[in-house]
Amino acid sequence: MKTITFYVMALLCLMATKLNAQIFERRVREISTSIEDISKEEKDSLKIEVEAVNILLEKNEITKEEADKRKIELAEKRANNIETRVAVEKEKLDKLVQDKVDGNIDGGDGALYVYYNKGKNSDCKNDTIHSIDFRRTTSQFLFALGVNRMIVDGKMDNDNFKWRSDFYEWGIVFNSRLLKNNNLLHAKYGLSLQYNNLRPDDDKIFVTNGDKTVLADSGLNIDVARLRYVNLVIPVHLEFDFTKKKVGDVHTYYPIYDSFKIGIGGYVGVNVKEKQILKYEDANGHQVKDRLRGEYNVSDTTYGLSAYVGYGQVSLYAKYDLQPIFANNDVDQNNLSLGIRFDIN
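- The protein chain appears in an unreviewed UniProt entry as Outer membrane protein beta-barrel domain-containing protein from Flavobacterium beibuense.

### Let's talk about the side chain of Ser259
Reasoning step 1: Tracing the backbone through its elements, the reader meets Ser259 in the loop between β11 (252-253) and β12 (260-281).
Reasoning step 2: Judged by its relative accessible area of 15%, Ser259 is buried.
Reasoning step 3: Excluding anything up to four places from it in sequence, Ser259 contacts Phe242, Thr243, Gly310, Tyr311 and Gly312.

### With respect to the packing of aromatic side chains
Reasoning step 1: One pass over the full model with this rule turns up 6 aromatic pairs.
Reasoning step 2: Between the aromatic rings of Phe206 and Phe326, the centroid separation amounts to 5.8 Å while the plane-to-plane angle is 45 degrees, which identifies the pairing as tilted. Here Phe206, found in strand β7 (residues 204-209), pairs with Phe326, found in the loop between β15 (314-321) and β16 (333-344); they are 120 residues apart in sequence, far enough to count as distant.
Reasoning step 3: Of the residues examined, Phe326 reaches a relative accessible area of 4% and is grouped as buried.
Reasoning step 4: Aromatic side chains Phe260 and Tyr311 sit 5.1 Å apart centroid to centroid with 80 degrees between the ring planes, which places their arrangement in the edge-to-face category. In this pair, Phe260 is assigned in strand β12 and Tyr311 in strand β14 (residues 301-311), connecting sequence segments 51 residues apart.
Reasoning step 5: Members of the aromatic cluster, each reached through a chain of ring pairs, are Phe161, Phe206 and Phe326.
Reasoning step 6: Over the ring of Tyr308 we find Arg341, and its NZ or CZ is 4.4 Å from the ring centre.

### Focus on the nonpolar core
Reasoning step 1: Grouped together as the largest cluster of nonpolar side chains are 10 residues: Met150, Phe161, Leu198, Phe206, Leu227, Tyr229, Tyr296, Val298, Ile325 and Phe326.
Reasoning step 2: The residues contacting Tyr296, other than those within four sequence positions of it, are Phe206, Thr208, Thr213, Leu227, Glu274, Lys275, Gln276 and Phe326.
Reasoning step 3: With 6 residues, the next largest nonpolar core counts Leu191, Val230, Leu232 and Val272 among its residues.

### Looking at the pairing of strand β8 (residues 212-217)
Reasoning step 1: Examined bridge by bridge, β7 and β8 share 6 bridges and lie antiparallel to one another. Along β8, the bridge assignment pairs Phe206 with Leu215.

### A few points about the environment of Asp99
Reasoning step 1: One can find Asp99 in helix α2 (residues 64-102).
Reasoning step 2: Relative accessible area serves as the criterion here: at 7%, Asp99 is assigned to the buried category.
Reasoning step 3: The spacing of Asp99 and Phe24 is 75 residues in sequence and 9.4 Å in space, taken between C-alpha atoms.

### A closer look at the pattern of salt bridges
Reasoning step 1: Taken as a whole and assessed by the stated rule, the structure comprises 16 salt bridges.
Reasoning step 2: For Asp166, the salt bridge identified is with Arg199, shortest N-O distance 3.1 Å. Of this pair, Asp166 sits in strand β5 (residues 166-177) while Arg199 sits in the loop between β6 (185-198) and β7, and the two are 33 residues apart along the sequence.
Reasoning step 3: Given a relative accessible area of 9%, Arg199 falls into the buried group.
Reasoning step 4: If you follow the salt bridges from partner to partner, you end up with Glu41, Glu42, Glu49, Arg78 and Arg85 in one network.

Conventions we followed
Residues numbered from 1 in each chain as written. Predicted model: local features only at pLDDT ≥ 70, side-chain atom pairs only at ≥ 80, totals over all residues. Heavy atoms only, no water. Helix = DSSP H or I, 4+ residues; strand = E, 2+ residues; numbered from the N terminus. Buried < 20%, exposed > 50% of the residue type's maximum accessible area, 1.4 Å probe, protein only. Contact = heavy atoms within 4.5 Å. Phe/Tyr/Trp six-rings, centres within 6.5 Å; stacked < 30°, edge-to-face > 60°. Lys NZ or Arg CZ within 6 Å of the ring centre and 35° of its normal. Core = buried A, V, L, I, M, F, W, Y, C linked by side-chain atoms within 4.5 Å. Pairing = 2+ DSSP bridges. Salt bridge = Lys/Arg side-chain N within 4 Å of Asp/Glu carboxyl O.

Printed below as a string of structure tokens:
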């Protein structure tokens, strides 16, 4: 399962990076081709117009001086046309480069249709197509870290666990602007791995008693004791981004993360790994490190609520597992995580 998870996350990273690079390169080629076509069109038109002037000169309908004057005027006109039309393409290229820097590269050619519904007794006219508009979507790398606190009967368990209980999370998320002409509302969704560590105090360790998991005195001088469980989750948030849109002479831009932001939502996923790590000194004074892999009755699935508030790419982050940590314990024990979150374009 660990190998599968690694390849899934690596594949997502590669797909997002490769997709943005391919889109950028394709659009640069399109602009370059358009500039070449503009130059060719104007030069071909100039050749036709000059040939027409030469025909008039051969028929003695105009003098050589008048023919030369007309050719100069035609050349200046076509040169001005090239300059004006190429300037439009140059502006497109400048915007494309800026979007690349800001992480706002998009497909540029509309939406990707993902599914459609047919109405009852419908024909093709009544079919409804639903789509995601990738012109408003960017990809980001998510990384978060902080502390874990176990919640028992609505209260933090500060008697059995150290404040060094910690978590970190990483993954790939997508940010889609929901409104066409407003930058406030965004949908945030993706795939991430949550690494949760619980560190018991007072030389206690986790032991299983049938299908239940409890804390017990180890009888050892414990330096480090931690239970690590890893969840693969799909996080979904509604994000409020207070970055103002930027209105240019030709285009309106919708940058992200230039102001305050708030995200509220949740996550759902599955447990992919659990193990207990112990470091202690044995009776002979030797340092021992045990990695105890096995079944600690951690819940196979997880779901919870999460929220963040921040400025730019950095936020304060909180998540709470509604699913108890252990599947069969008599008292529900839920995990609360508090930390810092980075959403990197």
